[in-house]
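The primary structure of each chain is shown beneath.
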2 protein chains.
Amino acid sequence: MQRFMNPTPDQWKDLTQRGSASYASLEPLAKEVFDDVAKNGDQALMNYTEKFDKVKLEDFSVSAEEIEVARSLVPEELKLAIQKAKENIYRFHIAQKTKEVKVETQIGVNCWQKKLPIEKVGLYIPGGSAPLFSTILMLAIPAQVAGCSEVVLCSPPNAYGKIPDVILYTANLCGVDKIFKVGGMQAIAGMTLGTVTLPKVDKLFGPGNQYVTVAKQLATQYQVSIDMPAGPSELMVVADASADEAFVASDLLSQAEHGPDSQVLLVTTDIKIIDQVDAEVEKQITTLERQDTARKALDNSKIIYFDSETEALAFTNFYGAEHLIVCLENENDFVNQIKHAGSVFIGNYTPESAGDYASGTNHTLPTNGYVRQYSGVNLDSFLKAITYQKITAQGLLDLGPVIEEMASAEGLQAHKNAVSIRLKKLSNE
Amino acid sequence: MQRFMNPTPDQWKDLTQRGSASYASLEPLAKEVFDDVAKNGDQALMNYTEKFDKVKLEDFSVSAEEIEVARSLVPEELKLAIQKAKENIYRFHIAQKTKEVKVETQIGVNCWQKKLPIEKVGLYIPGGSAPLFSTILMLAIPAQVAGCSEVVLCSPPNAYGKIPDVILYTANLCGVDKIFKVGGMQAIAGMTLGTVTLPKVDKLFGPGNQYVTVAKQLATQYQVSIDMPAGPSELMVVADASADEAFVASDLLSQAEHGPDSQVLLVTTDIKIIDQVDAEVEKQITTLERQDTARKALDNSKIIYFDSETEALAFTNFYGAEHLIVCLENENDFVNQIKHAGSVFIGNYTPESAGDYASGTNHTLPTNGYVRQYSGVNLDSFLKAITYQKITAQGLLDLGPVIEEMASAEGLQAHKNAVSIRLKKLSNE
C-alpha cells in the first residue's frame, strides 16, 4: 500500500480520486436490448439468455417445486444463519417506520403526510462466482416491512438453467413473490417495460456489473426509478494506537477481495501502526483464495498519516466513504463530527462484515462520493410520501386573503379566483 | 372539455396519456453549455446571459444592497402574506423531523440511523412573465429546517439586469445564503460544476422549462442529485353531487392557466354536474387574462363519468395525479383508499391554490405518473441518512458465527476472516 504523510488539503483531491468508469460506450447496446424487449417481450429475454448465459430455457419462471427442492438442499446451518440475520435486519428496518405527520398549521387548516408503499419493486441479484443471497435480505426485508404488494426478483441462470438454491431459499423466506431466471441488461429491460411473463415494476433495486448499471440508468427514462447510482465498493479505516493491527488488516483485505477496483484507505494518527498493518496484510493475504484480486486492489490502496485527528477528520469528511471503520481512543468525538459516510463501524469488535451480513443495518450504500446527497437503502427507499389537506370554511376565511395576495403577485389570476369564489359564497351565507 | 361515460379499463391508458415530451434533441446543447462552463467558468455564464437574457452583466452576484432595496420596495401587504405562508410551511416541515432510530438488534449489537443535512443545495427559480417567489418558500424553508449549510439560488435577470424584488425579498427572508443572476442551462451547469463565483452544490431543486429540465438530467452525471423528474403540471378533481360546480370549475381553470400542456381531468359519479361545471367554466374563463392559455389546456381536458365510486377510485389510482381534489359525500372512505397521488385536497373549501401557496404542504410534486415511486419535496429531500453500529466483544461472540457461515457461503473468505481473527483473539483472552 502506498504511504502519504500529512498530505495538505490541496493534495486531497488527487489522493481520493475514484476510478471514473464511463459507461457511455455501453449505452447503444442497452438501448438495443430495451428496444428488442419492448418489441419481442419474453422471446427477446430468452434469446439474450441463450446468447449471454449459454442456456436455452423453455420457461424462465421459477416454479414452486424448484423452490421446495432448493429449500431441502440448503444446509441447516446456513439456514439458521440466514434466519438470524433476517431477524436483525427486520428489527432495524421496522424501527424506521414513522408515524403519520399531522399538523393544524392554523385554525381550520389541517395538513398531513402519510407514507405508502411503492407497489411493485424489482430486485436484481447478480450471478457470477458466488450466490449473493445477503443482498436479497437487504432488499426484500425492507420491501416486506414497507408493504410493497409485488416483489419481483431476477437473477441469471447458470449453465444448467438453475439459480443457486440459497438464492431461491432466501428469496422465498423474505416474501419475494416471483423469481425469474434472467440476468443482465435484459432482466432490467424486462422489469422496466414488462412482458407477458415478467411484471413491469415501479422501482429497481440491486447491484450489478457495468452492463446492469447502464441498463438501470437507461431505465430511469422509462417511468422507473432506481435505488442509487452504482460504483465500486469502498472502505476507509481510521485508526490510532488503540486499534488492533491484525483486525485492521483483516478489514482492509475484506474490502480488497471484492474486486481489483475496490477502494481501500487507511487513515491513521499513529505512525507505528503503518508498518504493523502492512506486515499483517502480507501475512493474512497469503491464505486468501482471492489473493490475486486483493493484491490488485491493494496496489491502488493508500495509507495516509496525519499528525492531528482534526486533519484526519477533515480528510474523512472530504472523502465520504461508503464504509467507514473508526477505531480511535476518542471515538465518540470523532463519530459525532462525521458528516459524510454511508455506514459507520465503531470500535475493534465491529468489522464491516457484520453490517454486510447480519447486524441489522443495510449493506446497499452509496459509493463514489454520493454519500454527500444519497442515503443507503432503508425503509423509506420502498415508500413514498403523500400529503393531504382539509380546510374548513373558517380556515379558508382566515387564510384565503393570503393566498389571493400571493397568487395575484405571481400573476396567476385563476389561482386567486379559486379562493375568491369560495370566500364570496361564504360571505353571502 | 371532452366527455367519456363509463370508460372500461382497457380504455384508461389512452384516456390518461400524458404529453410525452422527449428532450433528447436538447441534450447536445446542454453538453455544450456544460463543457463551456467547465472550461470558461464565470465568463461562460456571463456570455450565455448576454446571449439568451439579452443583458450584459459585470457581476452576477446579488449584493446585500440590492436585497436591502428590494425589501423596501415589496408592498407591505405582500410581505405579510409571504410571512404568513412561511409560518405555515415551516410548521408543516419541521413536524417532519424524525428522531434518531436506535436499536440493539441483539445483545451487544447496537445499530442506529441518523439523518444529516445535505450540505450544499442549489435552488433554481425560473424567470418569465411572473416572479415565482412561492417556490422559494417551498424549497428554502425545508432547506433551512434541515440545516443545509449553504443554500444557493439562481434566477435569470430581466432586460435591466435585475431579479424581481419579491424574489430577492423572499430568498433573503428564508435564509438563502447567496443569490445569482443567472438562468437556464448555464445556471444548472454553474451550480453543478462550480465556478469562481458560483459554488458547486450537492443537490439541485426547482422547476424550469425544457432547457432547465434537460440540464438537470445531465447534471446527474456529474455527482449531483436532483429533486425529481419534471413534467407539465396536473390536476384531477373527483366530485359527486356534494361538490359545488362553481368551485370545481374554478379549480379546473386554476390548473388550465398554467400552460397549454397542463393536464386537467374531472372524474365524477354525478351526471348532472357535468353540464353545470362546463357552463361554469365558460362563464369564469371569460374573465381570465390567461384565457387563451386556459382554452388550449381545456381542449385536451376530459370529464369522465363513472356509475360507481369504486370505478372512479380505481381510475384515480390508475392515473396517479400530481394534484388530486376530492369533493365527495363519502370523502374519508375514498381518501383512505388513494394509493397514488402527489398531494390530496379534500372538501369544498380546500382549493389547490391553498397548497400552492400557504397552507403548509409543499407544492413541488411529482408529475407524469411519477407519484408511483417519488414523494413530493419534503424535509427528507434535504437530508441523507447514515447508519452506525457498535458491537461489543460479547455481541461479536454471539453474532460472529452467523457472519462466518454466510460469508463462507458467498465465497468471501476475507469477510469471514475479519470475524474469525477477532473471535480467535477473544477466545484466547
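Note on numbering: residues in each chain are counted from 1, in written sequence order. Here the convention is simple: chains get letters from A, ligands get numbers from 1, in the order in which they are written. In keeping with the predicted nature of the model, local features appear solely for residues at pLDDT of at least 70, side-chain atom pairs appear and are counted solely at 80 or more, and the whole-chain, interface and lining totals rest on all residues. Think of the side-chain values as coming from all heavy atoms in the structure, minus any hydrogens and water.

**Student:** With reference to specific residues and values, describe the overall build of chain A.
**Tutor:** A tally of helices and strands in chain A yields 16 helices and 14 strands. For chain A, the spread of C-alpha atoms along the three principal axes comes to 90 × 60 × 45 Å. In chain A, 75% of the contacts between residues at least 6 apart in sequence involve partners at least 24 apart. Using the Shrake-Rupley algorithm and a 1.4 Å probe, accessible areas are obtained, with residue cover drawn only from the displayed protein chains. Summing over all exposed atoms, chain A offers an accessible surface of approximately 16,400 Å²; the carbon and sulfur share of this is 49%. Computed over 39 positive and 55 negative side-chain charges, the inter-centroid distance for chain A is 9 Å. What counts as a helix is a DSSP run of H or I of at least four residues, what counts as a strand is a run of E of at least two, and both are numbered from the N terminus. The contact criterion used throughout is that any non-hydrogen atoms of two residues lie within 4.5 Å. Charge counting treats Lys and Arg as positive and Asp and Glu as negative, with His and both chain ends excluded. For charged residues, the charge sits on one atom: NZ in Lys, CZ in Arg, CG in Asp, CD in Glu.

**Student:** Could you give an account of the pattern of salt bridges, with specific residues and numbers?
**Tutor:** Salt bridges are counted wherever a side-chain nitrogen of Lys or Arg sits within 4 Å of a carboxyl oxygen of Asp or Glu. For the coordinates displayed, the defined rule picks out 40 salt bridges over all chains. Between Glu234(A) and Arg18(A) there is a salt bridge whose closest N-O contact spans 2.9 Å. In this pair, Glu234(A) is assigned in strand E9 (residues 234–239) and Arg18(A) in the loop between helix H1 (9–15) and helix H2 (27–52), connecting sequence segments 216 residues apart. In this pair, the class of Glu234(A) matches that of Arg18(A), namely buried. In this structure, Glu150(B) engages Lys178(B) in a salt bridge whose closest nitrogen and oxygen atoms are separated by 3.0 Å. Of this pair, Glu150(B) sits in strand E5 (residues 150–155) while Lys178(B) sits in strand E6 (residues 178–181), and the two are 28 residues apart along the sequence. In this structure, a network of salt bridges that share partners links the residues Arg3(A), Asp275(A) and Asp278(A). Each residue is assigned to one of three classes by its accessible area relative to the maximum for its type, calculated with a 1.4 Å probe on protein chains only: buried under 20%, partly exposed between the two thresholds, exposed over 50%.

**Student:** An account of the pairing of strand E12 (residues 321–327) of chain B is requested, with residue identities and associated values reported.
**Tutor:** Remember that side chains alternate between the two faces of the sheet whenever the strand is regular. All names here are of chain B. Burial within E12 is extensive, with seven of its seven residues counted as buried. As paired strands, strand E9 (residues 234–239) and E12 are joined by five bridges and run parallel to one another. Of the residues in E12, the one forming a bridge with alanine 239 is cysteine 327. Paired strands, as defined in this entry, are two strands with at least two bridges between them according to DSSP. In this structure, E12 lies alongside strand E13 (residues 341–346), joined through five bridges in parallel fashion. Within E13, the position partnered with isoleucine 325 by the bridge is phenylalanine 345.

**Student:** I'd like to hear about the relation of the copies chain A and chain B, residue by residue, with values.
**Tutor:** Copy-to-copy alignment: least squares on C-alpha atoms, limited to residues at pLDDT 70 or above in both. Expressed as a screw transformation, the operator carrying chain A onto chain B has a rotation angle of 180° and an axial translation of 0.0 Å, and the superposed copies differ by an RMSD of 0.0 Å. In short, the pair behaves as if placed about a two-fold rotation axis. Scanning chain A for the C-alpha nearest the rotation axis identifies Thr98(A), at a separation of 3.7 Å.

**Student:** Lay out the side chain of Asn362(B) in plain terms, naming residues and giving numbers.
**Tutor:** All names here are of chain B. Inspection of the secondary structure puts asparagine 362 in the loop between helix H14 (352–357) and strand E14 (383–391). By relative accessible area, asparagine 362 is classed as buried at 3%. A distance of 3.1 Å separates a polar atom in the side chain of asparagine 362 from a polar atom in the side chain of histidine 93. For asparagine 362, the contacting residues outside a window of four places in its chain are His93, Met138, Pro142 and Val377. For this analysis, a polar contact is any N or O atom pair within 3.5 Å, provided that within protein one partner can donate a hydrogen and the other can accept it, and provided that sequence-adjacent residues contribute only side-chain to side-chain pairs.

**Student:** Let's hear about the domain arrangement of chain A: which residues, and what values?
**Tutor:** Residue and element names in this part refer to chain A. By convention here, the domain bounds are inherited from an automatic or database domain assignment. Per the domain assignment, the segments making up chain A are domain 1 (2–19 + 232–360), domain 2 (23–100 + 116–229) and domain 3 (392–428). The C-alpha-based centres of domain 1 and domain 2 are spaced at 31 Å. Taken together, the contact pairs seven residues of domain 1 with nine residues of domain 2. At the boundary of domain 1 with domain 2, total buried surface from both sides reaches about 530 Å², with 52% on carbon and sulfur atoms. Buried area: the sum, over both parts, of the accessible surface (1.4 Å probe) that disappears when the two are put together. In terms of surface lost to domain 2, no three residues of domain 1 exceed Tyr357, Ala358 and Gly360, which account for 74% of the buried area on that side. Taken together, domain 1 and domain 2 are joined by zero salt bridges. If you look at where domain 1 meets domain 2, you find one residue pair in polar contact (both at pLDDT 80 or more).

**Student:** So what's going on with the sheet that holds strand E8 (residues 225–226) of chain B? Which residues, and what values?
**Tutor:** Residue and element names in this part refer to chain B. What the five strands build is an open sheet, ordered E6-E5-E4-E7-E8; its pairing is parallel. Each edge of the open sheet is held by one strand with a lone partner, namely E6 and E8. As judged from the four bridges shared by E5 and E6, these two strands associate in the parallel manner. Bridge pairing links cysteine 154 to phenylalanine 180 in E6.

**Student:** Which residues make up the sheet that holds strand E4 (residues 120–124) of chain A, and what values go with them?
**Tutor:** Residues and elements named next belong to chain A. Read from one edge of the open sheet, five strands run E6-E5-E4-E7-E8, paired in parallel fashion. The sheet is open, and its two borders are formed by strand E6 (178–181) and strand E8 (225–226), each paired with just one other strand. The pairing of E4 with strand E7 (residues 203–205) spans three bridges and is parallel. Opposite leucine 123, over in E7, you have phenylalanine 205 as the bridge partner.

**Student:** Outline the side chain of Gln284(B), listing residues and values.
**Tutor:** Relative to the assigned elements, Gln284(B) resides in helix H10 (residues 271–285). Within the local environment of Gln284(B), its side chain forms a polar contact with the backbone oxygen of Ala246(B), the two atoms lying 3.0 Å apart. Once residues within four sequence positions are removed from consideration, Gln284(B) is found in contact with Ile421(A), Ala246(B), Ala249(B), Ser250(B) and Leu253(B).

**Student:** A description of the nonpolar core should follow, citing residues and the corresponding values.
**Tutor:** Counting 63 residues, the largest nonpolar core has Val121(A), Leu123(A) and Ile179(A) as the members making the most contacts within it. Val121(A) has contacts with Ala143(A), Cys148(A), Glu150(A), Val151(A), Val152(A), Val201(A), Lys203(A), Phe205(A) and Phe382(A), leaving out every residue within four places of it along the chain. To qualify as a nonpolar core, a set must consist of buried Ala, Val, Leu, Ile, Met, Phe, Trp, Tyr and Cys residues joined through side-chain atoms within 4.5 Å. Grouped together as the second largest cluster of nonpolar side chains are 62 residues, Ile136(B), Leu153(B), Leu168(B) and Met228(B) included.

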